[in-house]
Amino acid sequence: MLVAQTETGQKIALLERYSSDYYQTLKETKFYCPICKGKLILKVGIKNIAHFAHEPKSSCAFEYERETPYHLEGKKGLYRWLEKQTKVKMEEYLPSISQRPDLFLPDSHVAIEFQCSALSLEALRKRNKGYSRLNITPLWILSAERFRRSAKGSLKISYNEWKFLQYPVSHLSPYLLYYCPNFSRFTIVSDIIAFSPTSVFATVSYYSTASLSLHSLFHLRYSKASFFVPWVIKKGEWRMKYALYPRNPYTPLLKLLYTHHIPPSHFPSEAGLPVKNGYFIESHSCVWQLYILLDHFLPQKRNSIIHYETILKQFKRRIQNRHVKLRELPMVTKGSFEDALKEYLRLLITVGFITEIESNRFLINRVWTTMPIHKHPIDGDYQIMNKLQLKQ
């Protein structure tokens with residue numbers, strides 16, 4: 001922690017790097033925790049930044065989350081960025097909800113949490129519920145050490161990171177926000193399209209703190225990145241290996257494919273399309289879309305009419321049977337997995353597979369796209385993605 005109280009109640013914040021003489025003077029002062037009133041130790045090292053820590057065997061409720069030097073530097077960097085723009089308080093304790101955000105903006109009623117360690121879904125919900133009671137807007141900023149790009153254009157978002165997906169004021173879609181104190185830089189991941197449970201394609205934007213204000217952070221507009229080719233390549237790689245996984249999690253899907261005499265690597269190219277609202281569904285994009293195709297759009301059903309309610313009912317059954325898993329996103333309060341279903345159907349309309357003849361009633365125009373077994377199925381994927389690209 002960076003804030004402590006003296007015996008007289010004066011608050012001391014370690015926001016700068018001071019001289020060794022100054023720290024030596026401070027060590028002669030008795031410091032106490034502003035929350036539990038227990039004694040604090042001023043720790044000053046050569047490598048780590050100066051901070052306060054409770055005495056051993058302390059029972060303070062706010063010692064549960066140990067702060068790394070990176071976390072402490074992050075709080076300091078964000079404080080310096082914000083103090084030029086608005087009134088900001090470091091480690092302000094909110095007694096009515098027993099919470100202490102890293103930074104609190106009293107004028108705008110915003111609590112900023114710089115999250116560097118893992119946080120359970122239950123703890124996140126509890127903290128957000130507390131802030132909601134006081135009409136405080138939480139802004140969760142992740143450590144940039146968590147940000148990971150792959151070599152082929154996609155990003156890795158861990159199960160722990162997904163829960164921090166949140167809405168800025170001006171966005172139609174949620175984003176993830178990262179901060180690096182070493183470079184005083186924000187990384188913003190927006191327009192996220194989920195490929196698999198932990199792999200996504202998205203627009204990545206970098207902003208120095210000098211070029212960004214708090215207001216603009218909430219109202220940024222981004223240029224969308226193009227990812228059609230890397231999406232097809234990644235899909236092609238997944239086709240070749242998903243049936244080989246040990247203790248295969250896709251066993252129900254594989255059985256369904258075998259029932260319809262479809263080789264696992266040559267499933268229809270209309271499955272695995274980039275759905276903007278697909279982040280509501282944790283299952284692989286190819287998997288949940290394949291279930292829809294196999295449940296309702298078999299080749300022999302060409303020229304048949306299918307109702308959206310029928311698709312939705314069967315999809316809910318797949319969720320209940322754990323063939324499809326939804327993603328828990330506690331801060332995404334708009335929309336649901338139904339938005340992903342409806343968008344997927346719109347994509348099938350775009351590629352000419354179905355036609356909406358009336359509201360929520362679809363005519364199956366043609367059989368799905370599959371390649372002969374002697375050809376690589378990625379050829380069909382390129383055909384379908386080219387149709388999508390031409391219509392955008």
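Scroll up a little and you will see the structure.
For clarity, every value in this text was computed on a predicted model and none was experimentally measured. (Residues numbered from 1 in each chain as written. Predicted model: local features only at pLDDT ≥ 70, side-chain atom pairs only at ≥ 80, totals over all residues. Heavy atoms only, no water.)

**Things to note about the nonpolar core**
Okay, step 1: In this structure, Leu139, Trp288 and Phe297 are the most contacted members of the largest nonpolar core, which totals 122 residues.
Okay, step 2: Of the residues forming this core, the biggest block, eight residues, is contributed by helix H8 (residues 285–296).
Okay, step 3: Apart from the residues within four sequence positions on either side, Phe297 is in contact with Ile292, Ile306, Ile311, Leu345, Phe353, Ile354, Ile364 and Trp368.
Okay, step 4: Ranked by size, the runner-up nonpolar core spans six residues in total, among them Ile97, Phe104, Tyr131 and Ile136. (Core = buried A, V, L, I, M, F, W, Y, C linked by side-chain atoms within 4.5 Å. Buried < 20%, exposed > 50% of the residue type's maximum accessible area, 1.4 Å probe, protein only. Helix = DSSP H or I, 4+ residues; strand = E, 2+ residues; numbered from the N terminus. Contact = heavy atoms within 4.5 Å.)

**Details of unusual backbone geometry**
Okay, step 1: Positive phi is not limited to glycine here, since His109 has a value of about 60°.
Okay, step 2: With respect to the helices, strands and loops of the structure, His109 is situated in the loop between strand S7 (103–105) and strand S8 (110–115).
Okay, step 3: In this structure His109 comes out as partly exposed when scored by relative accessible area, which is 32%.

**Some points on helix H10 (residues 337–350)**
Okay, step 1: In a regular helix each residue adds 1.5 Å, so 14 residues correspond to 20 Å; H10 covers 20 Å between its end C-alpha atoms and thus fits that length.
Okay, step 2: One or two steps after H10, the chain reaches Gly352, where phi turns positive at roughly 80°. (Expected span 1.5 Å × (residues − 1).)

**Here we look at the packing of aromatic side chains**
Okay, step 1: This model, assessed by the stated rule, comprises 23 aromatic pairs.
Okay, step 2: Taking the centre distance of 5.5 Å and the plane angle of 45° together, the rings of Trp140 and Phe164 count as tilted. Of this pair, Trp140 sits in strand S9 (residues 137–143) while Phe164 sits in the loop between helix H4 (159–162) and strand S12 (176–180), placing them 24 residues apart in sequence. With respect to burial, Trp140 and Phe164 carry one shared label: buried.
Okay, step 3: These aromatic residues form a ring-pair network of at least three members: Tyr70, Trp81, Phe114, Tyr179 and Phe186.
Okay, step 4: In this arrangement the basic side chain of Arg327 is found over the ring face of Trp162, its NZ or CZ atom lying 3.7 Å from the centre.
Okay, step 5: The ring of Tyr167 has Lys334 lying over it, and the distance from NZ or CZ to the ring centre is 4.9 Å. (Phe/Tyr/Trp six-rings, centres within 6.5 Å; stacked < 30°, edge-to-face > 60°. Lys NZ or Arg CZ within 6 Å of the ring centre and 35° of its normal.)

**A short note on the packing of H8 against helix H9 (residues 308–320)**
Okay, step 1: Two elements in contact, H8 and H9, have axes whose closest approach is 10 Å; the angle formed by their N-to-C orientations is 125°. With respect to each other, H8 and H9 are oriented oblique. Our pair here, H8 against H9, has a crossing hand that is right-handed. Together, Trp288, Tyr291, Ile292, Asp295 and His296 of H8 and Thr310, Ile311, Gln314, Phe315 and Arg318 of H9 make up the contact between the two elements.
Okay, step 2: Here the contact of H8 with H9 is built from residues that sort into five nonpolar, three polar and two charged. (Axes fitted to C-alpha atoms, helices over the stretch in contact; angles between N-to-C directions. Parallel < 35°, antiparallel > 145°, perpendicular 65-115°, else oblique. Left-handed = near helix turned anticlockwise from the far one by under 90°. Nonpolar A, V, L, I, M, F, W, Y, C, P; charged D, E, K, R; others polar.)

**Observations regarding the pairing of strand S16 (residues 354–358)**
Okay, step 1: Direction of pairing for S16 relative to strand S17 (residues 361–364): antiparallel, over a ladder of four bridges. The residue of S17 that forms the bridge with Glu358 is Arg361.
Okay, step 2: Hairpin connection between S16 and S17: a loop of two residues separates the two successive antiparallel strands, and Asn360 in this loop has a positive phi of roughly 65°. (Pairing = 2+ DSSP bridges.)

**A look at the sheet that holds S8**
Okay, step 1: On the basis of which strands lie adjacent, the open sheet formed by nine strands has the order S6-S7-S8-S9-S12-S13-S14-S11-S10 and mixed pairing. Every other strand in the sheet has two partners, leaving strand S6 (89–90) and strand S10 (148–149) as the edge strands with one partner each.
Okay, step 2: As judged from the eight bridges shared by strand S13 (residues 185–194) and strand S14 (residues 199–208), these two strands associate in the antiparallel manner. Along S14, the bridge assignment pairs Arg185 with Ser208.
Okay, step 3: Contacting S6, S7, S8, S9, S12 and S13, helix H2 (residues 69–83) runs over the sheet at an angle of about 145° to S8.

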